[in-house]
Amino acid sequence: MDLNRPALPLQNKATKRKALAATAIAAALLLSACGGGAAPQGAEQAAAADPASGANASGAVNICGVKDASGIYKGTAEAFTKANGKVTAKYTEIGATTDEARTQIVQRLEGKSTECDLFVTDVIWTSEFASQGWLLDQTKLVEANKDRLIPSTVETTKYQDKYWGSPFFTNAGLIYYQKDKVAKPESWQQLYAEAAKAPGNGYVYQGKQYEGLTVNFLEMLYSAGGEVLNEQGDVTIDSKETRDVLTFMSDGLKNGSADRAVLTYNEDPARLAYESGDFGYQRNWPHVYRLLNATPLASSFAVAPLPAWEGGKASGVLGGWNLAISAHSTNQAGAVAFIDFATSPDWQKHVAMDYSQAPVNEAAYSDPAVLQKMPFATELLASVKGAKPRPISPVYPQISQAIYKNVYAVLSGTASTEEAVQKMAEEITTAKASF
Amino acid sequence: MAIKTIPASRGPAKTSGRDRAERKLAFRMTAPSLVIMALVAAVPIGYAIWLSLNQYSVRTAGLSRFVGLENYINALASQEWWAAFGQTFLFAGLSVSLELVLGTAMALLLNLAFKGRAVLRTVVLLPYAIITVVSAITWQTMFQPNMGLVTNVLSALGLPGGDVVWLGEHGYAMAVIVMADVWKTTPFAALIILAGLQVISAETYEAAELDGASKWQTFVNITLPLLRPAIVLAAIFRTMDALRVFDLPFVLTRGANGTESMSMLAYTQLRENRLVGEGSALSILTFLTVMVVSVIYVRFAGGNIRDVAKEEQ
């Protein structure tokens, strides 16, 4: 039996509404005790952002999000304040890690706090936040800016045919390889075969039991033509592709293509292991480029987009951060003005040049100034354009847990592929039912 | 240790006006602290219990539906809860017993009269002063495959274990978590046991020496029995802590390889999945488990704890 099982059989919508109404008063009373006070608020009731309002905005805009390690948020806020003149922007750090920032944002949104006008949101939070009626509908704004944004990045802000955020910077996995030892990866099969050839050719990735493993697994699954949910949102992970990829990954650990140590690696340990020079391939994010350049491997490594599954098309998984306007913002016009600035082709060049992040504006990737600072921009653009979002669902955290826990069980040898596939499908179905 | 109840007298007891006034005054004086106690302790716990009887749906933006004991039934019927329950007890059993043995040894050592004892006592406490998350990260780094200190030293010495992925396999991962806990909290156990040691009077030992008892006999027949209350006290503190363990497995393995603790399970449901009802039920179950274990301890060793208190007076 599963913990995520809903406590009662699912009711139809009408009875559910009634039950809701009945408990509404009690719940409102109860929740006011913890500052919750949330009323039922469907996504359809949320207001929309007016794209034209940015032009005559004034006042102050407070942007909230995770600790600003690269300085990109504060830098953008300062540059915006300078360029705009009428609106001042300020960045407030509300969490040291991604997880902590999410908790802090959820608390503010549940409590209808007006402290933050804009939230910097991880691409996987969109559906959850939008489904709660916490965000301003940005469909019109996105439509107005669409021609300058890379389509795959815009997709990460979509939930139920509306856009709930604007992409700010994006992220996609890359393969770093030792060009003197191994060949450029064309397919996953070729990469694994090459990695198994000699002891120093191995492949390192993020195989610890956490979100990163979900991403690593989905990158392979997507390129193999598999999926987690189909267009209608049905669970379709119980497939031949899932079995193939799981078997492929666990065989890779057994035959030495990938080092068993990846079972403990997230981004940084994988990078450090690779920097020791004992491996041929590494899957990691673009920020690693700058760090690798400061090591003895600087002259011997090259960057490639994620490979395809043999006979298929390469397809990665998108990361990155979006700008979402709080439904309780007191300066929505200012927030719109900030988004206009942050996503402008001109500022997107700075995103790459000053902060080594992946722009959401396609033209930026071929700009000579950007190419000089980011020579792998072409590979990065290929990865970003080919990448798909992670499963879109308000219960994404549970879906991701179902994926990484079961993939990990296969990789560490505690579950068979068949068991894991069935459990994964079952747990994702249960998770979806809990919404 | 049964408390004899005083038979109730028939009819209202005759009390003088002064008595009554004093009682009133006593009540008035303690009332504010009683209210504060209630607010501080009872309200959050009561609230958590109430939450655990409801089902919260992410869909309804925080609205709840009363479901009675459903959350508890689901939790108790789930594999996850019992796996976490078993692993948490395995962890507590291993780490607490090691901590008591090593703590006793450490206390005996610190009790010896030697130069620099005061400094050593402070130094020994250092691991306990380090924030658990920080020490967990240190341990994680040490046991990192390929570049960790431990794996490097083992490989350099040609010892087995150099190629073990410590945090990637059940037995090893649990061993590292236990070691990290033992390293961190043995000083705490030692400190409590040391306090117990210093209560034992020197005359007792002199008498034993006069009777010709060997060092070992003295330890087994005098030190250990007299130290028992202190050891039990340390055991209670440590067991309660160990059963609530969260940060060590969270940092070291994220609960992989069968190291998920009861608290981690509650955390995942509460914070990651925002399933407030389910998560609260798991927290209450964890709380009840810890409470039952401590009641058992106090019931079987409570008298000894009172002895310590008496002796220390």
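Reading the values: the criteria
- Residues numbered from 1 in each chain as written.
- Chains lettered and ligands numbered in written order.
- Predicted model: local features only at pLDDT ≥ 70, side-chain atom pairs only at ≥ 80, totals over all residues.
- Heavy atoms only, no water.
- Helix = DSSP H or I, 4+ residues; strand = E, 2+ residues; numbered from the N terminus.
- Buried < 20%, exposed > 50% of the residue type's maximum accessible area, 1.4 Å probe, protein only.
- Areas by Shrake-Rupley, 256 points an atom, 1.4 Å probe, with all protein chains shown as cover.
- Domains from an automatic or database assignment.
- Buried area = accessible area lost by both parts, 1.4 Å probe.
- Salt bridge = Lys/Arg side-chain N within 4 Å of Asp/Glu carboxyl O.
- Polar contact = N/O pair within 3.5 Å; in protein donor to acceptor, adjacent residues only side chain to side chain.
- Nonpolar A, V, L, I, M, F, W, Y, C, P; charged D, E, K, R; others polar.
- Core = buried A, V, L, I, M, F, W, Y, C linked by side-chain atoms within 4.5 Å.

Next up on the list: the overall build of chain A. Along the backbone of chain A there are 17 helices and 11 strands. For chain A, the proportion of its 435 residues judged to be buried stands at 60%. Accessible surface computed for chain A: about 16,500 Å², of which carbon and sulfur atoms make up 52%.

Residues and elements named next belong to chain A. Its domain assignment divides chain A into domain 1 (14-171 + 320-386) and domain 2 (174-317 + 395-433). The centre of domain 1, based on its C-alpha atoms, is set 29 Å off from the matching centre of domain 2. Together, the buried faces of domain 1 and domain 2 total about 1,200 Å²; carbon and sulfur atoms form 66% of this surface. Among the residues of domain 1 in contact with domain 2, I124, N171 and F376 are the three that bury the most area, contributing 42% of the side total. Our enumeration of links across domain 1 and domain 2 arrives at zero salt bridges. Taken together, the connections running from domain 1 to domain 2 amount to one residue pair in polar contact (both at pLDDT 80 or more). When residues in the side of domain 1 that touches domain 2 are grouped by element, the largest group, five residues, is from helix α15 (residues 377-386). Residue classes in the side of domain 1 that touches domain 2 are distributed as five nonpolar, four polar and two charged.

As a rule of thumb, soluble globular proteins bury nonpolar side chains together. Core analysis: the biggest nonpolar cluster contains 133 residues, and W188(A), Y203(A) and F217(A) have the highest contact counts within it. With nine residues, the single largest contributor to this core is helix α16 (residues 396-411) of chain A. No fewer than three residues from each of domain 1 (14-171 + 320-386) and domain 2 (174-317 + 395-433) of chain A sit in this core. The next biggest cluster of nonpolar side chains, apart from the first, holds 39 residues, and it includes F91(B), V96(B), A107(B) and V251(B).

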